[in-house]
Amino acid sequence: MEQSLVKALLKNTNNPRLAWRIFKRIFSSPSEESHGISLDATPTIARILVRAKMHEEIQELHNLILSSSIQKTKLSSLLSVVSIFAKSNHIDKAFPQFQLVRSRFPENKPSVYLYNLLLESCIKERRVEFVSWLYKDMVLCGIAPQTYTFNLLIRALCDSSCVDAARELFDEMPEKGCKPNEFTFGILVRGYCKAGLTDKGLELLNAMESFGVLPNKVIYNTIVSSFCREGRNDDSEKMVEKMREEGLVPDIVTFNSRISALCKEGKVLDASRIFSDMELDEYLGLPRPNSITYNLMLKGFCKVGLLEDAKTLFESIRENDDLASLQSYNIWLQGLVRHGKFIEAETVLKQMTDKGIGPSIYSYNILMDGLCKLGMLSDAKTIVGLMKRNGVCPDAVTYGCLLHGYCSVGKVDAAKSLLQEMMRNNCLPNAYTCNILLHSLWKMGRISEAEELLRKMNEKGYGLDTVTCNIIVDGLCGSGELDKAIEIVKGMRVHGSAALGNLGNSYIGLVDDSLIENNCLPDLITYSTLLNGLCKAGRFAEAKNLFAEMMGEKLQPDSVAYNIFIHHFCKQGKISSAFRVLKDMEKKGCHKSLETYNSLILGLGIKNQIFEIHGLMDEMKEKGISPNICTYNTAIQYLCEGEKVEDATNLLDEMMQKNIAPNVFSFKYLIEAFCKVPDFDMAQEVFETAVSICGQKEGLYSLMFNELLAAGQLLKATELLEAVLDRGFELGTFLYKDLVESLCKKDELEVASGILHKMIDRGYGFDPAALMPVIDGLGKMGNKKEANSFADKMMEMASVGEVANKVDPNARDIHQKKHNKNGGNNWQNILHRYG
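We now turn to the structure provided with this report.

What counts as what
- Residues numbered from 1 in each chain as written.
- Predicted model: local features only at pLDDT ≥ 70, side-chain atom pairs only at ≥ 80, totals over all residues.
- Heavy atoms only, no water.
- Helix = DSSP H or I, 4+ residues; strand = E, 2+ residues; numbered from the N terminus.
- Expected span 1.5 Å × (residues − 1).
- Buried < 20%, exposed > 50% of the residue type's maximum accessible area, 1.4 Å probe, protein only.
- Arc of directions from axis to C-beta.
- Contact = heavy atoms within 4.5 Å.
- Axes fitted to C-alpha atoms, helices over the stretch in contact; angles between N-to-C directions.
- Parallel < 35°, antiparallel > 145°, perpendicular 65-115°, else oblique.
- Left-handed = near helix turned anticlockwise from the far one by under 90°.
- Nonpolar A, V, L, I, M, F, W, Y, C, P; charged D, E, K, R; others polar.
- Salt bridge = Lys/Arg side-chain N within 4 Å of Asp/Glu carboxyl O.

1. Structural notes on helix 2 (residues 16-27)
And step 1. For helix 2, spanning twelve residues, the distance from its first C-alpha to its last is 16 Å, which sits close to the expected 16 Å at 1.5 Å a residue.
And step 2. Along helix 2, the residues that are buried comprise P16, A19, W20, I22, F23, I26 and F27. Along the axis of helix 2, the buried residues cluster in a sector spanning 160°; they form a single face.

Dropping the structure here:
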């Protein structure tokens, strides 16, 4: 009967479901004989199910075997099934069945072949926890491992970044009667190189001959590539020469490894020299470049912006049918898009079609991503249309790019419509896509719509993840609802994304508890967001407790988390507290970043510790951290406030020498400082430089005008205001009314009158009260006609409420307090006087 069952199963190999029903019927029979027969047939049915990819039935067979009463006589059949499952990548089934055999029949010794097979499958499926158990079980069984066994174990340890443990195992091999072979050395050398220990890998290579094993090209290529990645080009060259001395001719893999590593490090010109030498192979005896070589160089040129070199190389690729590929076109597309060459990129898409290389969805998405990031959404929509005409359906990435583009420019309604279009086209949005829209809705305060989106995400099973929760936490912190954010973060640890139910009654029951299995736990971003909110609100004690709680959850803080404390302490002038945090940060192995230095410079500036600012900037340069515009602007501001104007000017020069474009604020502090000294010639020089670099900015003119006015430089202020009127700037931040009043007090009535006439002639609306000092002055001089003309104009402007709102009240208040001026009457009171 046993043979009959096997024959019946084999007969129905092409009808696996029938074979499975036959097997189950026999297996489920109460007869012990039938049960034993079915166990003998398990290898046959296992092969049939695996070949047919019937995963549910494979699981059912696995459960049947685990629940059966296995007889020793049927042990070989079960081990055969273990072997079949292991070979077919079902280690989750093979391993428990093997453990079952070992627990029920501990005296039975499986073969070393089966152990090796299980080890190999475990490593392939990254089930490292099984590997340790299998090796220990081999030792308990007294089965001597083979060299192949050790190779598997060493590989597993190296893949798990346990290279020291891998070396210990390597050293044990002779004791176990195993001799390392070239594969053993290759695996361990690769492990050392991957861990950044290339010199140890080289030592091992040099020791190979003492084991009677000769190095091969693979091991040399591994070390050559690693040296290149570390920027050790001279050592790389020496290894290539050593290969030749050993009689191993460097091959295309050697050269591609070198070129790849150099390009990744940005040393594209060095890579290009090697590439050029390879093209001259008939003279130098080097391998000819292959398609991989060309693509590596093309990607390298594009990465560093050498587009002309990239274009020349791409043309040579395009003309050679053996080299031209979809990958080459995609690399060139990416290079063009990254550097804003969209017209050329669209031309490349057309060339692909003409060449018979149809653009893939990835090709179109490269262009989509670039266009959307620059806000060129209409062009992006055109590309979507082109895709559809060419028979390529937009995918989640395509829609995600477009949706992100809409959200980045505040077009949330268009993004919502796009989400509906996705679903109509049977392109299901994923959590990433929905999170983009959720973030924009929350950021814009459209909470009810965000709530509805959350509900739909949950209902459709898109998966509310940690990112989703972080968006909500960030929104709550931004809107000042810190306590609610804290409550959600606490709930995430217990309930996962179901913690969003704590947002309020409208969210109760919004999230399915089954989503807890998604491990939606707070991460470093969650904690950093909440820490920033607490520190911003001055709740430092709670922030410290949260920080300790984070470490208790085995989340090691990074420089971002530390920088939050440093920044807010510095902002509040608590510089000693900031430096205590810095000390702890460096003790924990987190190095000072650009953000750290910027915060410390801010804190030192607030405390007027100018000398220390210089020290920090020198330290930055020593550590190779380049200051950015924020660094320079903060330093310039506090140097100016500390009356170190010359030092501040030197910093501005340094900025420009380093090609860091100054902005309005870079010049603002210097202009104010020179006017305060006073040195109006230098202030004017800085102002003119600012205009030449930043352009005709209203803010620059306003700043210079108000400073000149404050310093009593009325004629210079008048000249500047006339230039402003000629350029048609709005007058909202210009204290023109104060200028008119000051000119009248200095008996410069004609100049004041001229300014007002010019403003009226140019069609400016302005505060009618500005006319009052001139009207009073003209009246006292007996010029009733012109006084009445201005009075009529003032009443006309007042009657229509003409553009008094263009005057910035805050700027006026600051200016008046600074110079102890009286507020004066508003235009309604002035009209009352003339009523």
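Next, the rest of the story.
2. Structural notes on helix 23 (residues 361-373)
Residues spaced three or four apart along an α-helix face the same direction, because each turn holds 3.6 residues.
And step 1. The end-to-end C-alpha separation of helix 23 is 18 Å, in line with the 18 Å expected for 13 residues at 1.5 Å each.
And step 2. When we look at burial in helix 23, the residues that qualify are S363, Y364, N365, I366, L367, M368, G370, L371 and C372.
And step 3. If you follow the buried residues of helix 23, they end up packed against helix 21 (326-338), helix 22 (342-354), helix 24 (377-389) and helix 25 (396-408).
And step 4. Positioned one or two residues after helix 23, G375 has a phi angle of 75°, which is positive.

3. Focus: the packing of helix 38 (residues 645-657) against helix 39 (residues 664-676)
And step 1. Two numbers describe how helix 38 lies on helix 39: the axes approach to 11 Å, and their chain directions differ by 155°. By the criterion of interaxial angle, the relationship of helix 38 to helix 39 is roughly antiparallel. Taken as a pair, helix 38 and helix 39 cross one another with a handedness that is left-handed. Together, V645, A648, T649, L652 and M655 of helix 38 and S666, F667, L670, A673 and F674 of helix 39 make up the contact between the two elements.
And step 2. A class-by-class count of the residues in the contact of helix 38 with helix 39 yields eight nonpolar, two polar and no charged.

4. Some thoughts on the pattern of salt bridges
And step 1. For the structure on display, the rule yields 30 salt bridges.
And step 2. Salt-bridge contacts for R232 lead to D199; the nearest nitrogen and oxygen are separated by 2.8 Å. Note that R232 is positioned in the loop between helix 14 (217-229) and helix 15 (233-245) and D199 in helix 13 (residues 198-206), a separation of 33 residues in sequence.
And step 3. What makes D199 partly exposed here is its relative accessible area of 39%.
And step 4. Across the pair K381 and E421 runs a salt bridge, and its minimum N-O distance is 4.0 Å.

5. Some details on the environment of F98
And step 1. Tracing the chain through its elements places F98 in helix 7 (residues 91-104).
And step 2. On a C-alpha basis, the gap between F98 and L134 in space is 9.8 Å, while along the polypeptide they are 36 residues apart.
And step 3. With residues near it in sequence (within four places) discarded, F98 still touches L79, V82, P110, L114, Y115, L118, W133, L134 and D137.

6. Quick word on unusual backbone geometry
Backbone phi values are negative for most residues with the exception of glycine, while trans is the configuration of most peptide bonds.
And step 1. The linkage connecting V677 with the following residue, P678, adopts the cis geometry, with an omega of -5°.
And step 2. Within the secondary structure, P678 sits in the loop between helix 39 and helix 40 (680-694).
And step 3. Phi at N89 is positive, roughly 65°, even though this residue is not glycine.
And step 4. Mapped onto the elements of the fold, N89 is located in the loop between helix 6 (75-87) and helix 7.
And step 5. Among the residues examined, N89 registers a relative accessible area of 32% and is labelled partly exposed.
And step 6. Even without a glycine there, the phi angle at N608 is positive, about 60°.
And step 7. You can see N608 is positioned in the loop between helix 35 (594-606) and helix 36 (610-622).

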